[in-house]
Amino acid sequence: MFPSANMALIKDEFPVLVDTGFGSDWAETERLIREAGISPETLQLIVNTHYHSDHVGGNHQLQKNTVQRSPHINGRLI
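Residues numbered from 1 in each chain as written. Predicted model: local features only at pLDDT ≥ 70, side-chain atom pairs only at ≥ 80, totals over all residues. Heavy atoms only, no water.

Describing the side chain of N59
One can find N59 in helix α3 (residues 59–65). Judged by its relative accessible area of 16%, N59 is buried. Reaching out from N59, the side chain makes a polar contact with the side chain of N48 at a distance of 2.9 Å. Setting aside its immediate chain neighbours within four residues, N59 contacts T20, I46 and N48. (Helix = DSSP H or I, 4+ residues; strand = E, 2+ residues; numbered from the N terminus. Buried < 20%, exposed > 50% of the residue type's maximum accessible area, 1.4 Å probe, protein only. Polar contact = N/O pair within 3.5 Å; in protein donor to acceptor, adjacent residues only side chain to side chain. Contact = heavy atoms within 4.5 Å.)

Below is the structure:
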């Protein structure tokens, strides 16, 4: 469904995006999230499985435009 294969959207009471794909794909990713009936502004959690560009590249756009940042290192809130 998404242009970067390394992401998943969990539609639930509190929507979750697992990984954000390549940053260069953000416009397409945002469009597809909206088509799935979720506004990026309402995402409750972004989960990054690991720090490769095809998994975290869209983080900057989300932080800049939609989601407030909660930095974590190894599962600990800093």
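Let us keep going from here.
A word on the sheet that holds strand β2 (residues 16–18)
A sheet is described by the order of its strands in space; here three strands give the open sequence β1-β2-β3, paired in mixed fashion. At either margin of the open sheet sits one strand with a lone partner, and together these are β1 (8–10) and β3 (45–47). Neighbour-to-neighbour, the strand axes of the sheet open up by a mean angle of 15°, direction not taken into account. Relative to β3, β2 runs parallel, the two being bridged by three bridges. Bridge pairing in β3 places L17 opposite I46. (Pairing = 2+ DSSP bridges. Axes fitted to C-alpha atoms, helices over the stretch in contact; angles between N-to-C directions.)

Things to note about the environment of N6
Within the element layout of this structure, N6 appears in the segment before β1. Classification of N6 by relative accessible area gives partly exposed; the value is 26%. Residues contacting N6, with those up to four places away along its chain left out, are V18, D19, T20, G21, D54 and H55.

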